[in-house]
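What follows is the residue order along each chain.
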Amino acid sequence: MKRVASVVMLLIFVLTAFSVKLTFWTAPNPYQEEFWKIMVTQWNKQRPDVQIEVQTIPAAGSSEEAILTALAAGNAPDFCENIFSGFGAQLADIGAIYAFDNFGTDFTKLVQTRKMASIIEKWEVSGKHYVFPIYSNPMLFWWRGDILKQLGYNNPPRTYSEIYDLSKKFADGKKKFTMQVISGRNWWDRWYDFITYYYAATGGKTYIDTAKRKVTFGDATGLKIANFIYTMFQNKYTAVELGTNPFYTGSILGKITGPWEVNQAKDTFPKVVPNIWISTPPVPDDYPKDKPVYTIADSKGLVIFSTCKDKKAAFEFISWVFSNAQNDALWIEKTQMPPAREDLTTNSVFAKYMEDKFFKAYSSNVPYAVPPALITNTIDVNQAMSTHFVEPLMYLKGKPEDILNKAVKEINKVLF
Amino acid sequence: MSKRSQFGRKERVFGYSVIIPYIAYTAIFWGYPFVWMLILAFTKWNFFSKPSFVWLDNFLKMFTDSVFLQIILNTLNFLAYLIPMILISSLLFALALKRVKFGRTFIMLSFLIANVSSGVAYSLLFSNLFAVNGPVNRIFDALFGVTIPWFSDPQLAIFSICLIITWKFLGYYGLILYAGLQQIPQSLYEAAELDGANGNVLFWKITLPLLNPSLVTVTVLAIMLTFGIFTEPYLITGGGPMQRTTTFMIYMYDTAFKRIDPSYATTIAVVTALLSYGLVMLIRKVFEREVSFV
């Protein structure tokens, strides 16, 4: 008996001493970190031969910056999450990441087990899958139901005109503004303002023809959105700067956000959360009432870097996590974000989460959530959209039509 | 007789042991990056592939790059605010310091604290301080019923960033000017006063001309500082609004690490260095005077 125990101990020692040690970077979000720490602890206990160390993506302007800086410095992790499809395409373009297709039938089996066959199609780059989608967040609008009720509303505004009417009742142009129309100054903020409005107004039509590498939003719908943004700023129904936490302080009535904010809001502003109304993004006045409103999908996935010490071991871990629906249930519990699965509304494992108004709203909009256009120069395009389109509208630098036409020309230059 | 034989073996070993660390240091931390910089400026590289030779493509690209041209204008705009702000405030600080009788060291150190503060920390602090609903605007709103778009108006954003940079460097540059003031012999003032010169004349005819070396030093340092602005606009305005606070440094960083184009970023760095060197030489040629106290 003693001899067997000694052999087992020796085996464990040898396995640990010669085990593969992989570094895994997770999103700088405490709820996601918590999920991954649980997963990795369980895995490390089961597999002493493949030990994984979880690290948060280092602090930087964005996760993309941190990853690129690490790649340039040769400090990249073995695999990493929090990668959006466009960034995945950029990394694939420079040969920094490894295609999941290389794992052959094991990968196909994982896709089938996780019920994500049609979701993963949208993540294809040059006929290969470099990013394994984890979650898909439809971006939705939150409204201050308590204040709207006081103003005589039973539902949040749906169209641009309804927002103008609400603004006349609420906005004073100094301390009270109707909504956050523009999400911010960062390049990724364009996904959550103009591109979202465009998806909503067109039934999910793409804003860039990726095959022709040309802008498609220079149309009548693009002009309607340009006029909406311009009108909101011109009449001071919104402002360039809205201060800290304007939604929770009641300075604004509505803003766009993703499910990642739910837990944070519940922790920080528990009194406001029960009064939140959720809606799809606003649409032009002539948008049919019975047609579904599309929005942008804030989707993120996982990649294995080309420099990974043991790609097969990394894939084994990924496969172990995502083959079990219970792990996706734990993901929902921790992060409130809908996993990138097609059976969320039908699988009994997720039934209890549908009772939560936030999760129900977000997961039921997953079918109408469209990811950003899959181009390799997303940052430049979004930056040009800020400089030549959104900012001139915010600062009222010309007529909306002229601004739109100039922006189309400038962004086409970037695309070409 | 050969030169080598002038020194014994021991002396030669000693000599080499003294210079080798310096040569090695220079080769690793200066020579290698310099050669790599030259390679990058004339090639196309994306961190992973082998650099491919593109001749002058990176340099020619700049002429059609509207962002680069915008940054040149932005830098001139920054200089137009920063140079007078820094020169006037540091001069006033130095003149005031000269009049202080007690606690001079304490005052000097107090102002130098800003200079050693973390750029990230104070940028976040100022960002909140000057936010639309921040304390500064709340005071303005209470007193005058108006709020100031410190960082959201293109021109005001440049001014606000210059204000922060001036706050940071006031103590340091003030100290340089103070040292310059200390060098001016008291006898010159006394002689001028005997000739009936008033305070105004003393300042314009003695202090300012004799402070020329220190003023030029501060101007040169401020120019180099302007070409290197990064932390404040990067954290506070993100280079906006309307790309008006985008600086050479921000563009280099974004080009290298967001656009994955380190070659073009290096080329921008080379040209930026040449531009700042050119401007420094111009300023020295126009304003620098030889000063003698004898």
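J.: It is not clear to me how the overall build of chain A should be interpreted in this structure. Could you clarify?
T.: When helices and strands are tallied, chain A shows 17 helices and 15 strands. When the backbone C-alpha atoms are referred to their principal axes, chain A occupies close to 85 × 50 × 35 Å. Every one of the 416 residues in chain A was classed for burial, and the buried ones make up 58%. Here chain A displays about 17600 Å² of accessible surface, and carbon together with sulfur accounts for 53% of that area. Each charge class in chain A can be summarised by its mean position, and for the 46 positive and 41 negative side chains these summaries are 3 Å apart.

J.: What exactly am I supposed to notice about helix 12 (residues 248–257) of chain B here?
T.: Residues three or four positions apart in an α-helix share a direction because the helix packs 3.6 residues into each turn. Of all 10 residues in helix 12 of chain B, seven are buried; the element is thus mostly enclosed. Of the positions making up helix 12 of chain B, those classed as buried are Phe-248, Ile-250, Tyr-251, Met-252, Asp-254, Thr-255 and Ala-256 of chain B.

J.: Sorry, what's going on with the sheet that holds strand 9 (residues 177–179) of chain A here?
T.: Hydrogen bonding along the main chain pairs the strands of a sheet, whether they run parallel or antiparallel. Residue and element names in this part refer to chain A. Strand order across the open sheet formed by four strands is 9-12-8-13, with mixed pairing between neighbours. At either margin of the open sheet sits one strand with a lone partner, and together these are strand 9 and strand 13 (276–279). Taken pair by pair, the neighbouring strands of this sheet meet at an average axis angle of 25°, ignoring direction. In this structure, strand 8 (residues 140–144) lies alongside strand 13, joined through four bridges in antiparallel fashion. The residue bridging Arg-144 from the neighbouring strand is Ile-276, located in strand 13. Relative to the sheet, helix 8 (residues 160–170) contacts strand 8, strand 9 and strand 12 (252–257), its axis offset from that of strand 9 by approximately 150°.

J.: Help me understand the packing of helix 5 (residues 105–113) of chain A against helix 13 (residues 311–322) of chain A, please; the structure alone is not making it clear to me.
T.: All names here are of chain A. Between helix 5 and helix 13, whose axes approach to 10 Å, the crossing angle comes to 20°. In terms of orientation, helix 5 lies roughly parallel with respect to helix 13. As for the relative orientation of helix 5 and helix 13, their crossing is left-handed in sense. Of helix 13, the residues touching helix 5 (which contributes Asp-106, Phe-107 and Leu-110) are Phe-315, Ile-318, Ser-319 and Phe-322.

J.: So what exactly am I meant to see when it comes to the interface of chain B and chain A here?
T.: By convention, interface size is frequently given as the accessible area that disappears when the constituent parts associate. On the chain A side, the residues contacting the 23 residues of chain B number 26 residues. Between chain B and chain A, roughly 2400 Å² of surface is buried when both sides are summed, and carbon and sulfur atoms account for 56% of that area. When the buried area of chain B at its contact with chain A is split by residue, Phe-48, Met-242 and Lys-258 of chain B rank highest and sum to 28% of it. Applying the counting rule to chain B against chain A returns three salt bridges. When the shortest N-O distance is used, the salt bridge between Glu-65 of chain A and Lys-258 of chain B registers 3.7 Å. Joining chain B to chain A, the criterion identifies nine residue pairs in polar contact (both at pLDDT 80 or more). Looking at the side of chain B that touches chain A, the elements with two or more residues in it are helix 11 (231–236) and helix 12 of chain B. Residues belonging to the side of chain B that touches chain A are distributed by class as follows: 13 nonpolar, seven polar and three charged.

J.: Could you clarify how one ought to interpret the domain arrangement of chain A in this entry?
T.: Residue and element names in this part refer to chain A. Segmenting chain A into domains produces domain 1 (2–137 + 297–370) and domain 2 (138–296 + 375–415). Distance from the C-alpha centre of domain 1 to the C-alpha centre of domain 2: 31 Å. Residue-level contacts link 31 residues of domain 1 with 33 residues of domain 2. Summing both partners gives a buried area of about 2500 Å² for domain 1 against domain 2, and 65% of it is carried by carbon and sulfur. A per-residue breakdown of the area domain 1 buries against domain 2 is headed by Phe-358, Tyr-362 and Tyr-368, which together make up 28% of the total. Applying the counting rule to domain 1 against domain 2 returns one salt bridge. Here Asp-356 and Lys-266 are joined by a salt bridge, their closest N and O atoms 3.3 Å apart.

J.: I tried to follow the side chain of Thr-43 of chain B on my own but got confused; where do I start?
T.: For Thr-43 of chain B, the position within the fold is in strand 1 (residues 43–44). In this structure Thr-43 of chain B touches Pro-51, Ser-52, Phe-53, Val-54, Asn-58 and Ser-263 of chain B, once residues within four positions along its chain are discounted.

J.: So what exactly am I meant to see when it comes to the pattern of salt bridges here?
T.: Oppositely charged side chains may form a pair once their charged atoms are brought near each other. Across all of its chains, the model carries 24 salt bridges over all chains by this definition. Across the salt bridge formed by Glu-333 of chain A and Lys-352 of chain A, the nearest N and O atoms sit 4.0 Å from each other. Here the residue Glu-333 of chain A occupies a position in helix 14 (residues 325–335), and Lys-352 of chain A occupies one in the loop between helix 14 and helix 15 (357–364), the gap between them amounting to 19 residues. The salt bridge involving Arg-259 of chain B is made with Asp-380 of chain A; its shortest N-O contact spans 2.3 Å.

J.: Would you take a moment to explain unusual backbone geometry for this structure?
T.: Trans peptide bonds make up most of the peptide bonds, and negative phi angles are found at most residues other than glycine. The step from Gly-240 of chain B to Pro-241 of chain B runs through a cis peptide bond, and the omega angle for that step is -10°. Secondary-structure assignment places Pro-241 of chain B in the loop between helix 11 and helix 12. A positive phi is found at Lys-115 of chain A, a non-glycine position, where the angle reads about 55°. Residue position: Lys-115 of chain A is located in the loop between helix 5 and helix 6 (117–121). Of the residues examined, Lys-115 of chain A reaches a relative accessible area of 44% and is grouped as partly exposed. Although it is not a glycine, Leu-396 of chain A sits at a positive phi angle of roughly 55°. With respect to the element layout, Leu-396 of chain A can be found in the loop between helix 16 (378–394) and helix 17 (400–415).

J.: What am I meant to see in a nonpolar patch on the surface here?
T.: A cluster of nonpolar side chains, contributed by Phe-14, Tyr-16, Val-18, Ile-19, Ile-20, Tyr-22 and Ile-23 of chain B, occupies part of the molecular surface with about 770 Å² of accessible area. Exposure remark for Tyr-22 of chain B: the relative accessible area of 58% places this residue in the exposed category.

J.: What's the story with the packing of aromatic side chains in this structure? I'm lost.
T.: The way to describe two aromatic rings as a pair is by their centre distance and the angle between their planes. For the structure on display, the rule yields 70 aromatic pairs over all chains. Ring geometry for Tyr-135 of chain A and Trp-331 of chain A: centres 5.6 Å apart, planes at 25°, overall stacked. Linking Tyr-135 of chain A in strand 7 (residues 132–138) with Trp-331 of chain A in helix 14, this pair joins segments that are 196 residues apart in sequence. Residue classification places Tyr-135 of chain A among the buried residues on the basis of a relative accessible area of 2%. Centroid distance Phe-130 of chain B to Trp-150 of chain B: 4.8 Å. Interplanar angle 75°. Geometry classified as edge-to-face. You can see Phe-130 of chain B sitting in the loop between helix 5 (119–129) and helix 6 (135–144) and its partner Trp-150 of chain B sitting in the loop between helix 6 and helix 7 (154–183), a full 20 residues away along the chain.

J.: Looking at this structure, how should I read the nonpolar core?
T.: Note that soluble globular proteins tend to have their nonpolar side chains buried in a common cluster. Trp-36, Phe-79, Tyr-207, Phe-217, Phe-228, Phe-317 and Ile-318 of chain A are the most contacted members of the largest nonpolar core, which has 123 residues in total. By residue number, the principal contributor to this core is helix 16 of chain A, which donates eight residues. If you count residues domain by domain, this core takes at least three from each of domain 1 (2–137 + 297–370) and domain 2 (138–296 + 375–415) of chain A. Leaving out residues up to four positions away in the same chain, Ile-318 of chain A has contacts with Phe-79, Phe-100, Leu-110, Phe-132, Leu-302 and Ile-304 of chain A. One finds Ile-164, Ile-184, Ala-192 and Leu-225 of chain B within the second-largest nonpolar core, a separate group that totals 60 residues.

Criteria and thresholds
- Residues numbered from 1 in each chain as written.
- Chains lettered and ligands numbered in written order.
- Predicted model: local features only at pLDDT ≥ 70, side-chain atom pairs only at ≥ 80, totals over all residues.
- Heavy atoms only, no water.
- Helix = DSSP H or I, 4+ residues; strand = E, 2+ residues; numbered from the N terminus.
- Buried < 20%, exposed > 50% of the residue type's maximum accessible area, 1.4 Å probe, protein only.
- Areas by Shrake-Rupley, 256 points an atom, 1.4 Å probe, with all protein chains shown as cover.
- Lys, Arg positive; Asp, Glu negative; His and termini not counted.
- Charge placed at Lys NZ, Arg CZ, Asp CG, Glu CD.
- Pairing = 2+ DSSP bridges.
- Axes fitted to C-alpha atoms, helices over the stretch in contact; angles between N-to-C directions.
- Contact = heavy atoms within 4.5 Å.
- Parallel < 35°, antiparallel > 145°, perpendicular 65-115°, else oblique.
- Left-handed = near helix turned anticlockwise from the far one by under 90°.
- Buried area = accessible area lost by both parts, 1.4 Å probe.
- Salt bridge = Lys/Arg side-chain N within 4 Å of Asp/Glu carboxyl O.
- Polar contact = N/O pair within 3.5 Å; in protein donor to acceptor, adjacent residues only side chain to side chain.
- Nonpolar A, V, L, I, M, F, W, Y, C, P; charged D, E, K, R; others polar.
- Domains from an automatic or database assignment.
- Patch = residues over 30% accessible without salt bridge, like charges linked within 9 Å, V, L, I, M, F, W, Y side chains within 5 Å.
- Phe/Tyr/Trp six-rings, centres within 6.5 Å; stacked < 30°, edge-to-face > 60°.
- Core = buried A, V, L, I, M, F, W, Y, C linked by side-chain atoms within 4.5 Å.

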